[in-house]
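# Report on the structure
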Amino acid sequence: MADKDGNIFDHPDLLMVCRQGDAFGLPRPNELMPLPDESELFLLPGRSAVGLNGETGELEVVEDATAVAAFVSPAHTITAHPAYQTEEDAPVLPLFAYGALGYANDRFYVCAKKVDDDPRQVFRNISPKTIEKKAHALMRAYPRNRLMQHLMAKCALTYACPAARNLCLGRYEAPLPVSRVCNARCVGCISQQEEGSAIRATPQNRLTFTPTAREIVEVMLHHAGNEKDRPIYSFGQGCEGEPLTEADRITEAIALFRAAGGTGTVNINSNASMPGAIIRMAEAGLSSLRVSCNSVREETYNRYYRPHGYAFSDVAQSIREARARGVFVSLNLLYFPGITDTELETEALAAFVTANDVNCIQLRNLNIDPELYLDLLDGIPMGPHIGFANFRKRIKKACPSLQFGYFNPFVDDQR
């Protein structure tokens, strides 16, 4: 917790309490870990810290102390939110994932688990000056390529986007934002909010132009010339809308890239709302499809995504069309402790993975104010909460060949 001046301290008597759904309790030992490197700590305004009195067994609100949360570094999934009491005039929290934070033995602990060993978003040994220098060099090298200019000036240097920084370093996965519009109205959209939304700020601004297919291919070929071992090129980024709304442009870019001898994993991060578009991309040379979802239960999905012009059945059909053409399919599962790991959600997910031949689940965090999300799903039956560890065990038992991870894998040897 933190005092009125923002100084974080460990309460001398109260025990750490976390929240999973509507339930407050002690953290499960198998869902707790030392705070990973490159994580951040956030104060939660308008929210008083809550701890457990070990002698009485009662929860206590520390009214003069602000709750504190951890935003864990990439490759980690939070397993519980912090416990707090919210004041009436508390602002809606910005779009981040808030992990429960504790302190013991001279170090911080967080309710989270590492789910991917890939180091692609670890930058601790790379000087920011190096990234800045390389980004400016790319801007000079491609003065007329608007996409490269955007990725360096906005994404790498302004937002510190890990994917854009990797592009300028010539490694791993290159981002390829294309679309300015979307056919969903996600409550937690990180690039654009509707007028009147309770969420007052987004972490990124949406793309303001539409790159040509040749601009896209130029970026792809540049990355191919630097990352020679396991290159990945990804359409669908946080600074854009839904890439399938530019399906013809992306399909043309994929075809041009492959015709130029481009190799590696061409991936699209998408809501998979247009099966016909997925078919065309697969036939042009798409390698992998990552499908974002908060749930595979239609009502839970619809409350968050608020689709416009498509239904969840289209999502399932897109996955089947992709798999029929040899495309590797991951679910970008936006994990929310106390909802995703409930009996009914887990059961539905296992059935969906089996029925649609899904290859992988990427355990990403849902970036949203926890209370906003719980209110959004009010009234939907969820069943008992089983916890993150049991959730993974249950899914793996039902789907033995399923992979778990966090990042888009290089799949040229898995298709």
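Above this text you will find the structure in question.
Residues numbered from 1 in each chain as written. Predicted model: local features only at pLDDT ≥ 70, side-chain atom pairs only at ≥ 80, totals over all residues. Heavy atoms only, no water.

Moving on to the overall build of the protein chain. A count of helical and extended segments in the protein chain gives 11 helices and 19 strands. Projected onto its principal axes, the C-alpha coordinates of the protein chain cover approximately 70 × 50 × 40 Å. Burial statistics for the protein chain: of 415 residues in total, 56% are counted as buried. Of the roughly 17,900 Å² of accessible surface on the protein chain, a fraction of 48% belongs to carbon and sulfur atoms. Distance between charge centres in the protein chain, computed from 42 positive and 50 negative side chains, equals 10 Å. (Helix = DSSP H or I, 4+ residues; strand = E, 2+ residues; numbered from the N terminus. Buried < 20%, exposed > 50% of the residue type's maximum accessible area, 1.4 Å probe, protein only. Areas by Shrake-Rupley, 256 points an atom, 1.4 Å probe, with all protein chains shown as cover. Lys, Arg positive; Asp, Glu negative; His and termini not counted. Charge placed at Lys NZ, Arg CZ, Asp CG, Glu CD.)

The subject of this paragraph is the sheet that holds strand S17 (residues 328–335). Reading across the sheet, the seven strands line up as S13-S14-S15-S16-S17-S18-S19 and stay open at both edges, with parallel pairing between neighbours. Both edges of this open sheet fall to strand S13 (173–176) and strand S19 (403–405), since each of them pairs with a single strand only. For this sheet the average axis-to-axis angle between neighbouring strands, irrespective of direction, equals 25 degrees. Bridge analysis of strand S16 (residues 288–293) against S17 gives six bridges, and the strand direction is parallel. The residue of S17 that forms the bridge with valine 291 is leucine 331. On top of the sheet, helix H9 (residues 343–356) reaches S17 and strand S18 (360–365); it is set at about 170 degrees to S17, its chief contact. (Pairing = 2+ DSSP bridges. Axes fitted to C-alpha atoms, helices over the stretch in contact; angles between N-to-C directions. Contact = heavy atoms within 4.5 Å.)

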